[in-house]
Amino acid sequence: MAKITFVGHVSKDINKTSSETVVVPGGGVFYGSIAAERLGVQCVVVTKVSSRDVSLFKPIEEAGAELIALTSPQTTTIENVYPSDNPDERMSRVLHRADPFEATDLVHVRTNVVVVSALWHGEFPEELLKQLRQRVDMLVADAQGFLRNVLEDGRMVYHDWQDKEEHLPLIDVFKVDSNEAYIMTEEKDLERACKVLSDFGVKIVLATHKNGVVAFDGGDFYRANFSEYKMLGRTGRGDTCLASFLAALLTGKSLKEAVDLAARVTSVKMQYAGPYRGGEVV
């Protein structure tokens, strides 16, 4: 049976839209592992969190995933502000950070598929990617953890991944949103940006935009649209999309079927705050 390890910080998220503010557990490993579990794929989460906050992330285990919580003095805490109805417009500020991952932490990766879902640049040092590549059959990474930099005042700003030419060839599936794709390629057209990223050596580029998701395997594009959604459900969009895409591939579905499922699951999840609840999509 296919099994995925998600590596990255969990987060205490403070999400603000024009109408509401909610405080929820979050992080790519949180949204991703729960979505994949509820789509029938077993998951392990390797994270770093303060012992006083571990209980916040019980939903990971309640969904069926194994939680390996490595102790850190702080839990990563992020404030996300969405100033408009465009879900790709997001201003983020880090209030606290858990410790970065180290080479010794990779001992906890025992599956053939691993997703590096970091929240900020430096959380998962890129030199660990080569070591991880040697341990797994499929290496998946989210661009966010290599582009999103934390300033001294906690603000998060995006910069291009300086070492992308060295590290992108290591990655089988690379997840970007439309903004990240532009930063990395300077291509405003998302599909042209996907081609540029593919040329760096990535096997599959999975890209989300405000209307849907597109995958490019170096030869063909596969597209699907999101249905209408609520802004409060925006946080976790990309993580849910990636996890459901991988769950589909690992259970034998084609790339087209995986993109279609990812769009449907993500659309359902964006109707509410928090992770995908399961049951609504087959």
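Presented here is an overview of the structure given in this document.

Definitions and limits used
Residues numbered from 1 in each chain as written. Predicted model: local features only at pLDDT ≥ 70, side-chain atom pairs only at ≥ 80, totals over all residues. Heavy atoms only, no water. Salt bridge = Lys/Arg side-chain N within 4 Å of Asp/Glu carboxyl O. Buried < 20%, exposed > 50% of the residue type's maximum accessible area, 1.4 Å probe, protein only. Helix = DSSP H or I, 4+ residues; strand = E, 2+ residues; numbered from the N terminus. Polar contact = N/O pair within 3.5 Å; in protein donor to acceptor, adjacent residues only side chain to side chain. Contact = heavy atoms within 4.5 Å. Axes fitted to C-alpha atoms, helices over the stretch in contact; angles between N-to-C directions. Parallel < 35°, antiparallel > 145°, perpendicular 65-115°, else oblique. Left-handed = near helix turned anticlockwise from the far one by under 90°. Nonpolar A, V, L, I, M, F, W, Y, C, P; charged D, E, K, R; others polar.

1. So, the pattern of salt bridges
Inspection of the entire model under this criterion finds twelve salt bridges. For Arg 155, the salt bridge identified is with Asp 153, shortest N-O distance 2.7 Å. You can call Asp 153 partly exposed: its relative accessible area is 43%. Lys 203 is paired through a salt bridge with Asp 172; the nearest N and O atoms lie 3.2 Å apart. Linking Lys 203 in the loop between helix H7 (190-199) and strand S13 (204-209) with Asp 172 in the loop between helix H5 (164-167) and strand S12 (173-177), this pair joins segments that are 31 residues apart in sequence.

2. Quick word on the environment of Glu 165
Secondary-structure assignment places Glu 165 in helix H5. Judged by relative accessible area, Glu 165 falls into the exposed class, the value being 60%. Along the backbone, Glu 165 and Phe 200 are 35 residues apart, and their C-alpha atoms lie at a distance of 6.1 Å.

3. Notes on the side chain of Ser 244
Examined against the element boundaries, Ser 244 turns out to sit in helix H8 (residues 237-250). There is a polar contact of 2.8 Å between the side chain of Ser 244 and the backbone oxygen of Thr 240. Leave out the neighbours within four places in its chain, and Ser 244 touches Leu 39, Leu 261, Ala 262, Val 265 and Thr 266.

4. Quick notes on the packing of helix H6 (residues 178-185) against H7
A packed helix pair is summarised by two numbers, namely the angle formed by the two axes and the spacing between the axes. Where H6 contacts H7, the two axes come as close as 9 Å, and the packing angle between them is 55°. Between H6 and H7, the angle is such that the two are oblique. Relative to H7, the crossing made by H6 is left-handed. Residues Ser 178, Ala 181, Met 184 and Thr 185 of H6 form the contact with H7, whose participating residues are Leu 190, Ala 193, Val 196 and Leu 197. Classifying every residue of the contact of H6 with H7 by side-chain character gives six nonpolar, two polar and no charged.

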